[in-house]
Amino acid sequence: MSAYLITNVSVVGGPPTDLLIRDGVVAEVADNLSAPDATVVDGTGLVALPGLVDLHTHLREPGREDAETVESGSRAAALGGYTAVCAMANTSPVADTAGVVEQVWRLGREAGLVDVQPIGAVTVGLAGERLAELGAMADSAARVRIFSDDGHCVADPKLMRRALEYVKAFDGIIAQHAEEPRLTEGAQMHEGEVSTRLGLIGWPAVAEEAIIARDVLLAEHVGSRLHVCHVSTAGSVEVLRQAKARGVRVTAEVTPHHLLLTDERAETYDPVFKVNPPLRTAADIAALHAALADGVIDIIATDHAPHAVEDKECEWAYARPGMLGLETALSIALDVLGPEWDLIAERMSRTPARIAGLTGHGVDPAPGVPANLTVVDPAARRTIEPAELASRSRNTPYARMTLPGRIVATFLRGEPTVLDGKAVK
Ligand code: DOR
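Below you will find a few notes about this structure. (Residues numbered from 1 in each chain as written. Predicted model: local features only at pLDDT ≥ 70, side-chain atom pairs only at ≥ 80, totals over all residues. Heavy atoms only, no water.)

Some words on the side chain of Thr 410
Phase 1 of the analysis: Tracing the backbone shows Thr 410 in strand S17 (residues 402-412).
Phase 2 of the analysis: The exposure class assigned to Thr 410 is buried, which follows from its relative accessible area of 0%.
Phase 3 of the analysis: Side-chain polar atoms of Thr 410 contact the backbone oxygen of Ala 78, separated by 2.9 Å.
Phase 4 of the analysis: Contact partners of Thr 410, with chain neighbours within four places excluded, come to Ala 78, Gly 81, Tyr 82, Thr 83, Leu 373, Thr 374, Glu 415, Pro 416, Thr 417 and Val 418. (Helix = DSSP H or I, 4+ residues; strand = E, 2+ residues; numbered from the N terminus. Buried < 20%, exposed > 50% of the residue type's maximum accessible area, 1.4 Å probe, protein only. Polar contact = N/O pair within 3.5 Å; in protein donor to acceptor, adjacent residues only side chain to side chain. Contact = heavy atoms within 4.5 Å.)

So, the sheet that holds strand S7 (residues 82-87)
Phase 1 of the analysis: Strand order in the open sheet formed by three strands is S6-S7-S8, and the pairing between neighbours is parallel. At either margin of the open sheet sits one strand with a lone partner, and together these are strand S6 (52-57) and strand S8 (115-118). Neighbour-to-neighbour, the strand axes of this sheet turn through a mean angle of 20 degrees, independent of strand direction.
Phase 2 of the analysis: Here S6 runs beside S7; their pairing, made up of four bridges, is parallel. Residue Asp 54 lies in a different strand from S7, and its bridge partner there is Val 85. (Pairing = 2+ DSSP bridges. Axes fitted to C-alpha atoms, helices over the stretch in contact; angles between N-to-C directions.)

Considering the packing of aromatic side chains
Phase 1 of the analysis: Applying the stated criterion across every chain, the model contains two aromatic pairs.
Phase 2 of the analysis: Here the aromatic rings of Tyr 4 and Phe 411 are separated by 5.3 Å at their centres, their planes lie at 65 degrees, and the arrangement is edge-to-face. Within this pair, whereas Tyr 4 is found in strand S1 (residues 3-11), its partner Phe 411 is found in strand S17, the two being separated by 407 residues in sequence. Here Tyr 4 and Phe 411 have matching classes, each one buried.
Phase 3 of the analysis: Ring geometry for Phe 147 and Phe 170: centres 6.1 Å apart, planes at 65 degrees, overall edge-to-face. Of this pair, Phe 147 sits in strand S9 (residues 146-147) while Phe 170 sits in the loop between helix H4 (157-168) and strand S10 (173-176); the two residues are 23 residues apart in sequence, bridging distant segments of the chain. (Phe/Tyr/Trp six-rings, centres within 6.5 Å; stacked < 30°, edge-to-face > 60°.)

Concerning the pairing of strand S18 (residues 415-419)
Phase 1 of the analysis: Pairing of S17 with S18 involves three bridges; the strand directions are antiparallel. Bridged to Leu 412 within S18 is Glu 415.
Phase 2 of the analysis: Joining the antiparallel neighbours S17 and S18 is a turn of two residues, in which Arg 413 adopts a positive phi near 45 degrees.
Phase 3 of the analysis: Pairing between S18 and strand S19 (residues 422-423): two bridges, direction antiparallel. The residue of S19 that forms the bridge with Leu 419 is Lys 422.
Phase 4 of the analysis: Between S18 and S19, which pair antiparallel in sequence order, lie two residues; one of them, Asp 420, sits at a positive phi of approximately 55 degrees.

Laid out in C-alpha cells, this is it:
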C-alpha cells in the first residue's frame, strides 16, 4: 500500500502540521514528519477535513444510466470531497428488494471511489401502498439501515407508523420526503408572491410543515428514528425545534441550494431551477441558516439529482425537478458559512456518518483512524462549467458562477481518489 505525506496542512482549521497516511490509516499527525517512501502533497494553505458524507444522493443506476451511473456519481462525489454517499431508492427498478440494494452496493464497491451505502424504499415501487421488504434489505449484504421513498412522500399515516415500528427493531431510520400530496397537486414552484406574479401553481410551505408535524408525533409515539429530507421552510424549522426540545428522535437535512437560491430564480423559466421541494424565499433561507448554526438542522445533504438533457432542457412545466450537487456542495457551504471548518466538518461529515452508522467515516484525521479525508484549498475560486463536471448530467444551477474553494485531494482508506484536483481513475 502507498504512503502519502501531506505537509503544512491545517487539520479542520487548526495550525499547520504534517499528516502521514500509510496502510490505509492516518499514521501520524505532527510537525516536521519525514517519510522518504511517501508521495508528498504540499498542503500549504490547505485544510484537511474528514471525508464528506452525503446522506442524500441520486445515482440513477439501475435504470437511468444516461443521467448517472454509480461510477460517474461516485467520481463526482470524490471530486466534491466525499468518501461516502447514501444512494436513494428511486431507481428503475426501485430499490425495494434485497436484490436491487445489493446490486447498487456491489456497483459501488466495483467503482471503488466512495463507499456507496444504498437506501431502501419504504413502500413497494414507491407507490405508498404496501411496505417493501425492509427486513430483507436490512439483512442483505448492503445492510440497509435508512429507508426512504424520496421523490414521493409516505403520505398514508398508518403506513408511516408501520414503517417506523418495523425499523425500530434494528434501530433503522425512515427518511421522509415531506410533501402532503393533496396540497401540491399541479404545483410548479413555491407558493408565494413570485408564483402569483408568474401565474404558476404554487407548492405551499404548509404542505411540508404538516407532514413534518405529523411525522415527529408518529416518531415520538413509536419511539423510532425519523430523518427529514431537504427541509426548506422557516415553519419546518420551528416544528423541528419544538420536536427536538421534547426529545423526539428526529434528524434533519438541508440542501446547498435551499441555503442559497430563492424562488425568484423561477422568473428565468430556466428549468435548471426547478426542484422539489421548490426554492423558497429569503426569509426561509435566513431561518435555515440559523437552524444549521444552532443544530436544529443536523446536516447538509446534496439531493444530487442528475437529469438527462431531454428531461431538463424543455418547458418548465414538463421538466423534472432536481439539480446536481455533489461537485459544488463544499463550495456552497464555504460561501454560506464562511471558513467555519469545525461546523462544516460537523454538518457535512461527522453527523451524517453518525446518522447513517458509517463506521470509519466522519472521523477527524488522527493517528490510527481510517484515512478517509479530503483536502480543500479555501483560497481558490473556480467558475463552474457544466461541461467540465464528472456527472453524466449537466443540470447544475451554478453554471458560470464563481464559487470559493476547490477540492485538491480526496483519500478513501488511504488511497487517493482525487489528486491535484483531478480524479485518479
Ligand atoms: O428535486 C428532486 N429531485 N426532489 C426529489 O425529491 C427527487 C429528486 C429526483 O429524484 O430527481
